[in-house]
Amino acid sequence: MTEILILGAGYTGMGAAMGLAGRLKRREDVRITLVNPQTRFTERLRLHQAASGEELADLQIPDRLAGSGVDFVQGWVTSIHADAKTVRIDDEYELRYDALVYALGSVADTESVPGVDEFAYTLDSAHEAETLAAQLDRLGNATVVVAGGGLTGVESAAEIAEQHPDADVILLSRDEPGSMMGAKARARLHAGLARLGVHVRAGADIVKVMADGVALADGEVVAAQAVLWTTGVRVSPLAATAGLQVDGRGRIITDESLRSVSHPNVYAIGDAAAIRQSYGVMHGTCQSGIPTSMHAAASIVRELKGKQPKPFRFGYVHQPVSLGRHDAVIQFTHADDTPARFYLAGRLAAAYKETVSSSPWTTYRLIRAMPSIGSMTWRRGAGTTS
Ligand SMILES: Cc1cc2nc3c(=O)[nH]c(=O)nc-3n(C[C@H](O)[C@H](O)[C@H](O)COP(=O)(O)OP(=O)(O)OC[C@H]3O[C@@H](n4cnc5c(N)ncnc54)[C@H](O)[C@@H]3O)c2cc1C
């Protein structure tokens, strides 16, 4: 029996499971196992909605895998023994693998500033988002600091301001929010935030989080009853501890086919992988992560057939950012994620963003039914199949 083990059932782990299930339907000599701590799928793309009080769908992973031939194991990966090709679960038992798909994603970086772990909320799980939502309900007209002006910070500040119009929402950021967008889309993003009453303060360097606010590098204290931390992400130390070659941020360095450069029987995908393209190392998004999962599935199947995996090519398409439930800005991009001329805003953009957020599950159904689309190379302007 050939054992394929997938670690993490987030957006990319699910994509790899569905891609492999579709392709290996008739192979009784291959077992696919998916490991995740929770049975409920975390819709990370919607956690800012959950933090503002919206109830998310209860997507149960075992239900979604039913009939696919993929075994589900509920548990935490506590260590990986790359040389023995085993993974330890809950520090209790081991699973063996011939091919490993490492899809453990990332979490909010709470270690770089003191006080974050103790006093700030994060958007790492539905439970944490729901805890913040309950606190915002209790607080009423509170001051809420959202730390970090990336897309997650912007979406969160907008959503909280819309759902809690009595709250004073302050978006604190080192860089100008929307700095990766073109000038027109960025101006539209700021207009949308202003309309919702979000106070944007760029150039703010937070050095400490306290029970009653945050301290800035220039000595100012911004008082707040709740702080949401979205300044960046970090990855699990498991790969580095296992001796896999990682980059400065702990992400597994891959070859052009997404295999670990130090351990080629390990495929690394999604936020946990450092994948180089012609324009540089990709940054973690669902947009790029799901194609990596499909490519890994197709490559493992090629290797099972004695063929070489193909190189992975990817180009970005858009930077979608919601501004509450009825507004959004979609900056269309060049393949390297720099802004193109066109952007979309308003209700049409909000509908576009909603389609993006619900698209992973449609994609999984599609690749399970038609696995050949999983071997597409995602080179912009040349979507070729192999
Ligand atoms: C609020 C918010 C909005 C976002 N919006 C967008 C967007 O609009 N577009 C976009 O492209 N991207 C967006 N992103 C980024 C996107 O969510 C991530 O890039 C994507 O989730 C990465 O997928 P992944 O599979 O690598 O990791 P994840 O989806 O995080 O999945 C990782 C999985 O691994 C599991 N895991 C972790 N450690 C262990 C362990 N030790 N043992 C077992 N299992 C473990 C986790 O529980 C999880 O299920 C957003 C992120 C946030 C927080």
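Residues numbered from 1 in each chain as written. Predicted model: local features only at pLDDT ≥ 70, side-chain atom pairs only at ≥ 80, totals over all residues. Heavy atoms only, no water.

Caption draft 1: Representation of helix α6 (residues 151–163) within the structure. Look at α6: 18 Å from first C-alpha to last across 13 residues, which is about the 18 Å you get at 1.5 Å a residue. For α6, every residue scored as buried is listed here: Gly153, Val154, Glu155, Ser156, Ala157, Ala158, Glu159, Ile160 and Ala161. (Helix = DSSP H or I, 4+ residues; strand = E, 2+ residues; numbered from the N terminus. Expected span 1.5 Å × (residues − 1). Buried < 20%, exposed > 50% of the residue type's maximum accessible area, 1.4 Å probe, protein only.)

Caption draft 2: Structural view of the pairing of strand β6 (residues 93–96). Pairing geometry for strand β5 (residues 86–89) and β6, over 4 bridges, is antiparallel. Counted as the bridge partner of Ile89 is Tyr93 from β6. Between the end of β5 and the start of β6, which pair antiparallel, lie 3 residues, with Asp90 showing a positive phi angle near 50°. (Pairing = 2+ DSSP bridges.)

Caption draft 3: Inspection of unusual backbone geometry at higher detail. Even without a glycine there, the phi angle at Lys85 is positive, about 55°. A relative accessible area of 33% means that Lys85 is categorised as partly exposed. Look at Leu258: it is not a glycine, yet its phi comes out positive at around 80°. Note that Leu258 resides in the loop between β17 (252–253) and β18 (266–268).

Caption draft 4: Main features of the nonpolar core. In terms of nonpolar packing, the biggest core is built from 62 residues, with Leu7, Met14, Leu20, Leu34, Ile80, Val87 and Tyr102 touching the most fellow members. By size, the runner-up hydrophobic cluster in this structure holds 31 residues, among which are Ala50, Ala51, Val169 and Ala185. (Core = buried A, V, L, I, M, F, W, Y, C linked by side-chain atoms within 4.5 Å.)

Caption draft 5: Representation of the side chain of Glu3 within the structure. By the secondary structure assignment, Glu3 is in strand β1 (residues 2–7). In this structure the side chain of Glu3 is engaged in a polar contact, spanning 2.6 Å, whose partner is the side chain of Arg31. The residues contacting Glu3, other than those within four sequence positions of it, are Arg31, Thr33, Arg96, Tyr97, Asp98 and Ala99. (Polar contact = N/O pair within 3.5 Å; in protein donor to acceptor, adjacent residues only side chain to side chain. Contact = heavy atoms within 4.5 Å.)

Caption draft 6: Spatial organisation of the packing of aromatic side chains. For the structure shown, the criterion picks out 7 aromatic pairs. Centre to centre, the rings of Tyr279 and Tyr316 are 6.0 Å apart; their planes meet at 55°, and the pair counts as tilted. Of the two residues, Tyr279 sits in the loop between β20 (276–277) and β21 (280–281) while Tyr316 sits in the loop between α9 (286–304) and β22 (318–322), which places them 37 residues apart along the sequence. The class of Tyr279 is partly exposed, set by a relative accessible area of 27%. Assessed through its relative accessible area of 1%, Tyr316 is described here as buried. Following the ring pairs from residue to residue traces out a cluster consisting of Tyr11, Phe41, Trp361 and Tyr364. Between the NZ or CZ atom of Arg64 and the centre of the ring of Trp361, over which it lies, the distance is 5.2 Å. (Phe/Tyr/Trp six-rings, centres within 6.5 Å; stacked < 30°, edge-to-face > 60°. Lys NZ or Arg CZ within 6 Å of the ring centre and 35° of its normal.)

Caption draft 7: Molecular detail of the environment of Gly197. With respect to the element layout, Gly197 can be found in the loop between α7 (183–195) and β11 (199–202). Residue Gly197 is classed as partly exposed on the basis of its relative accessible area of 35%. Taking the C-alpha atoms as reference, Gly197 lies 7.7 Å from Asp168; in sequence the two are 29 residues apart.

Caption draft 8: Region of interest: the environment of Ala194. Note that Ala194 resides in helix α7. Among the residues examined, Ala194 registers a relative accessible area of 52% and is labelled exposed. Along the chain, Ala194 and Leu34 lie 160 residues apart, while their C-alpha atoms are 44 Å from each other.

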